[in-house]
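Architecture at a glance
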Amino acid sequence: MKLGLGLYRHQLNAEHYRFAKQCGCTHLVIHLVDYFRSSRSNQPGDQPVGDDTGWGLAGDPNQLWTYEELAAIKKEINAAGLELEAIENFDPAHWHDVLLDGPKKLQQLENLKTIIRNVGQAGIPVFGYNFSIAGVAGRIKGRFARGGAEAVGMDGPLDKPLPNGMVWNMVYDRNAAPGVVPSATPEQLWQRLKVFLDALVPVAEAAGVTLAAHPDDPPLPTVRAQPRLVYQPQLFQKLIDLKPSPRNALEFCVGTLAEMSEGDIYDVVDTYSQQGKLAYVHLRNVRGKVPSYKETFIDDGDVDVLRVMRILKRNNFNGVLIPDHAPQMSCAAPWHAGMAYALGYLRAGLKTIGNEQG
Ligand SMILES: [Mn+2]
């Protein structure tokens, strides 16, 4: 197992690469979508949360991430003594109609194929995605964590319908007609995922890129009047079986899985790690379950994180762990302190379980 850090778009610079290295990381997972563009309710400094207007504007539909751009970022990361393990998330601007089954779907599937080919050419092994119409919506912030640290949680579901022009909690069309996005059925959503996997998995196989699916966060059957795909642990199996391939794998978010109303988190970790389906792991802790849970410090929630690490080691998981989210700590650099605390804990955990690369 290897230790990594996730960085948002505005953090892709030498200072943050040094910070990761100083915390003992060998790998990075990076976001290229800018979640903090033009939103008053969603400011950089923490993970994106926002209100029911979402995270702001999606990117440029005509600017796909190029090989040159990806190779340049990888080169800078390598120069800092780190490996680039994964890119996390497609931009809604590049695939809104794949999620919505809209008129630009065929062109946008080609967009995604181009991006995966570019990622493979740049030598980046994993691409994480979240096949979700509402996206990561409906969460709140408060002084929920130990000592009054600011953390994210949920206090009741959000089923206010999505306005037209919005998907994946971002706005892709500011000029959309008034009205709301019609609710899909769960069967329609699974069919859309099948179309996506049938198109992308062969390209990923040829490009040497592993596609890694994140479960729905928060994991409720519906959010914003839209169905969710993976809101119980066994639904990950349905996703795997829909398109069997070593390149159809999981962005295994222990926090989200622990928020689900069913399943024993240790059995869930065992089941999927035994199958070798974990591309990389979001390892964070949480107290409670949907629709009422709170994110916690890594040593302070319902999950025995060391026990999870022992199961991963027993099943020979050899990929990257990242903290995903952490509470904001009271100091001049709340995000950095939270991440350094989580990374120190994970690094000690890796040594404790006898992980040779910890
Ligand atoms: Mn996650």
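Throughout what follows, the structure given in this document is the object of discussion. Position numbers for residues count from 1 along each chain, tracking the sequence in the order it is written. It should be noted that, the model being predicted, local features are given only for residues of pLDDT at least 70 and side-chain atom pairs only at 80 or more, the latter also being counted only at that level, while totals for whole chains, interfaces and linings use all residues.

Linking buried Ala, Val, Leu, Ile, Met, Phe, Trp, Tyr and Cys residues through C-beta atoms within 7 Å yields a set, and such a set is a nonpolar core. A residue is called partly exposed when the number of other C-beta atoms within 10 Å of its own lies between 12 and 20, exposed at 12 or fewer, and buried at 20 or more, with C-beta atoms placed from the backbone. Membership of the largest hydrophobic core comes to 114 residues, with the highest contact counts inside it found for I116, V119, A212, V254 and Y280. Helix and strand definitions here come from DSSP, where helices need a minimum of 4 consecutive H or I residues and strands a minimum of 2 consecutive E residues; each element is numbered from the N-terminal end. If you tally residues by element for this core, the top one is helix α5 (residues 186–207), at seven residues. We call two residues in contact when their backbone-placed C-beta atoms lie within 7 Å. Sequence-distant contacts of V119, that is, excluding residues within four places in its chain, are made with L70, I87, I124, F127, A207 and V209.

Turning next to the sheet that holds strand β12 (residues 248–253). Strand pairing is defined by DSSP finding a minimum of two bridges between the two strands. Read around the closed barrel, the eight strands follow the order β1-β2-β3-β4-β9-β12-β13-β16; overall the barrel is parallel. Here the average twist between neighbouring strands, direction ignored, is 30°. Judged from the four bridges that link them, strand β2 (residues 27–30) and strand β3 (residues 83–88) form a sheet pairing that is parallel. Each bridged residue has a counterpart across the sheet, and for L28 the counterpart in β3 is L84. Here an axis means a line fitted to C-alpha atoms, over the contact stretch when the element is a helix, while the angle between two N-to-C directions is reported on a 0 to 180 degree scale.

Its 13 residues place the ends of helix α2 (residues 67–79) 18 Å apart at the C-alpha level, agreeing with the 18 Å of an ideal helix rising 1.5 Å per residue. A positive phi of about 85° marks G81, the residue just after α2. In this scheme, a helix's expected span is set at 1.5 Å multiplied by one less than its residue total.

Our focus in this paragraph is the sheet that holds strand β6 (residues 149–155). Paired through backbone hydrogen bonds, the strands of a sheet run either parallel or antiparallel to each other. With antiparallel pairing, four strands are arranged side by side in an open sheet as β5-β6-β15-β14. With one partner strand each, in any of the chains shown, β5 (140–145) and β14 (285–289) form the two edges of the open sheet. Each adjacent strand pair in this sheet contributes to an overall mean axis angle of 30°, direction not counted.

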